[in-house]
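Residues per chain are reported as follows:
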Amino acid sequence: MDNYPLIFDIQRSSFVDGPGIRTVVFFKGCPLQCEWCHNPESQSIKSEILWYNSLCSCCDNCFKVCKHNAIQPGHGQNRIDRSKCNSCGDCAKACIYNAMKLAGQAYSVESLVELVLKDKTYFRTSGGGVTFSGGEPLMFMEFLGSVCKKLKQENIDIAVQTCGYFNFDQFEKTVSQYINTIYFDLKLVDNALHKKFTGQYNNKILENLHKLFSPKKHKIIIRTPIVPGITDTIDNLGNISKIIGKLNHEGFEKLIYNNSFHKKKVALGRVI
Ligand code: SF4
Ligand code: SF4
Ligand code: SF4
């Protein structure tokens, strides 16, 4: 299973992230590291354990099952030694309070397709389908292309949510032909600010956006997360509006800022 990308969540019967009833598949791994990312467990390509202190009953079951001495008994903030943890997930299985969660599981192409097709009837009757999200699903184009090919043979509607930072030539070769809708995030137009808040310059993102319109082969919805004081400035929203205007495009959505990320960062042991 080593070569399969990891998936940190699969939400069935979702009414967001596309039309109709959808199954949303969240890939683990992202080339950006946005400060405001509401799914910080999506950023690393590796599996990780989340420990929610507030849900923990101190039963110490996780401590007892960990074969790697990575867990301390009790309730201390640093009770997981992540340098010893190999993300086996035994502690999450032993925790009946949902205080321990494993983010990151490998699926084969066949097992992921099988899971998605379970809701085929709902997709048909509601005009729904599957949405690949993340993290960044276009980091895993060979795998995604194989999954999409099988789903397309079943006439499943396919949407992809992307941060725009991907290899366009590979996208054209492996995935593009199967995709109906692309949700394309445009966060910050100022290149220095983009680098500061996401860890990457935006040249490739803007280039890819223009390539997607030359010529346009998909339904495209450009989205901007509205992060107070960062992306919601008059300058930034004005510049985004100019880009959309030049593309002569109408599909635009604002994403509501979600500040639940701090709780998850604590659970991942990244901040106290
Ligand atoms: S098994 Fe769950 S509830 Fe029990 S100590 Fe571990 S994290 Fe807390
Ligand atoms: S994932 Fe495995 S190694 Fe890591 S803390 Fe849990 S039981 Fe221990
Ligand atoms: S692009 Fe999305 S998933 Fe990636 S770090 Fe930014 S907010 Fe998180």
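Because the structure is predicted, anything quoted here is derived from the model rather than measured. (Residues numbered from 1 in each chain as written. Chains lettered and ligands numbered in written order. Predicted model: local features only at pLDDT ≥ 70, side-chain atom pairs only at ≥ 80, totals over all residues. Heavy atoms only, no water.)

A. Looking closely at the overall build of the protein. On a plain count of helices and strands, the protein comes out with 10 helices and 10 strands. Over its C-alpha trace the protein gives a radius of gyration of 20 Å, about what one expects of a compact globule, namely 19 Å for 272 residues. Considering only C-alpha atoms, the protein reaches an extent of 60 × 45 × 30 Å along its principal axes. Across the protein, the fraction of contacts at a sequence separation of at least 24, relative to all contacts at a separation of at least 6, is 70%. Accessible surface, the protein as shown: approximately 13,600 Å² in total, 50% of it carbon and sulfur. Separation of charge centres in the protein, based on 34 positive and 25 negative side chains, amounts to 2 Å. (Helix = DSSP H or I, 4+ residues; strand = E, 2+ residues; numbered from the N terminus. Rg over C-alpha atoms; globule rule 2.2 N^0.38 Å. Contact = heavy atoms within 4.5 Å. Areas by Shrake-Rupley, 256 points an atom, 1.4 Å probe, with all protein chains shown as cover. Lys, Arg positive; Asp, Glu negative; His and termini not counted. Charge placed at Lys NZ, Arg CZ, Asp CG, Glu CD.)

B. Here's a closer look at the environment of Phe 140. With respect to the secondary-structure elements, Phe 140 resides in the loop between strand 6 (129-133) and helix 5 (141-153). Under the relative-accessibility criterion, Phe 140 is labelled buried at 12%. Residues Phe 140 and Ser 42 lie 98 residues apart in sequence; the distance between their C-alpha atoms is 14 Å. What Phe 140 contacts, discounting residues up to four positions off in sequence, is Pro 5, Phe 27, Lys 28, Gly 29 and Ile 45. (Buried < 20%, exposed > 50% of the residue type's maximum accessible area, 1.4 Å probe, protein only.)

C. Spatial organisation of the pattern of salt bridges. Within this structure, the stated rule accounts for 12 salt bridges. Linking Asp 119 and Arg 12 is a salt bridge whose minimum nitrogen-to-oxygen distance equals 2.9 Å. Of this pair, Asp 119 sits in the loop between helix 3 (109-117) and helix 4 (120-126) while Arg 12 sits in strand 1 (residues 6-14), and the two are 107 residues apart along the sequence. For Asp 119, a relative accessible area of 3% translates into the label buried. Ionic pairing is found between Lys 264 and Glu 41, a salt bridge with its closest N-O pair at 2.9 Å. Here Lys 264, found in helix 10 (residues 261-267), pairs with Glu 41, found in the loop between strand 2 (22-27) and strand 3 (48-51); they are 223 residues apart in sequence, far enough to count as distant. Classification of Glu 41 as buried rests on a relative accessible area of 7%. Connected via shared salt-bridge partners are Lys 28, Glu 48 and Arg 270. (Salt bridge = Lys/Arg side-chain N within 4 Å of Asp/Glu carboxyl O.)

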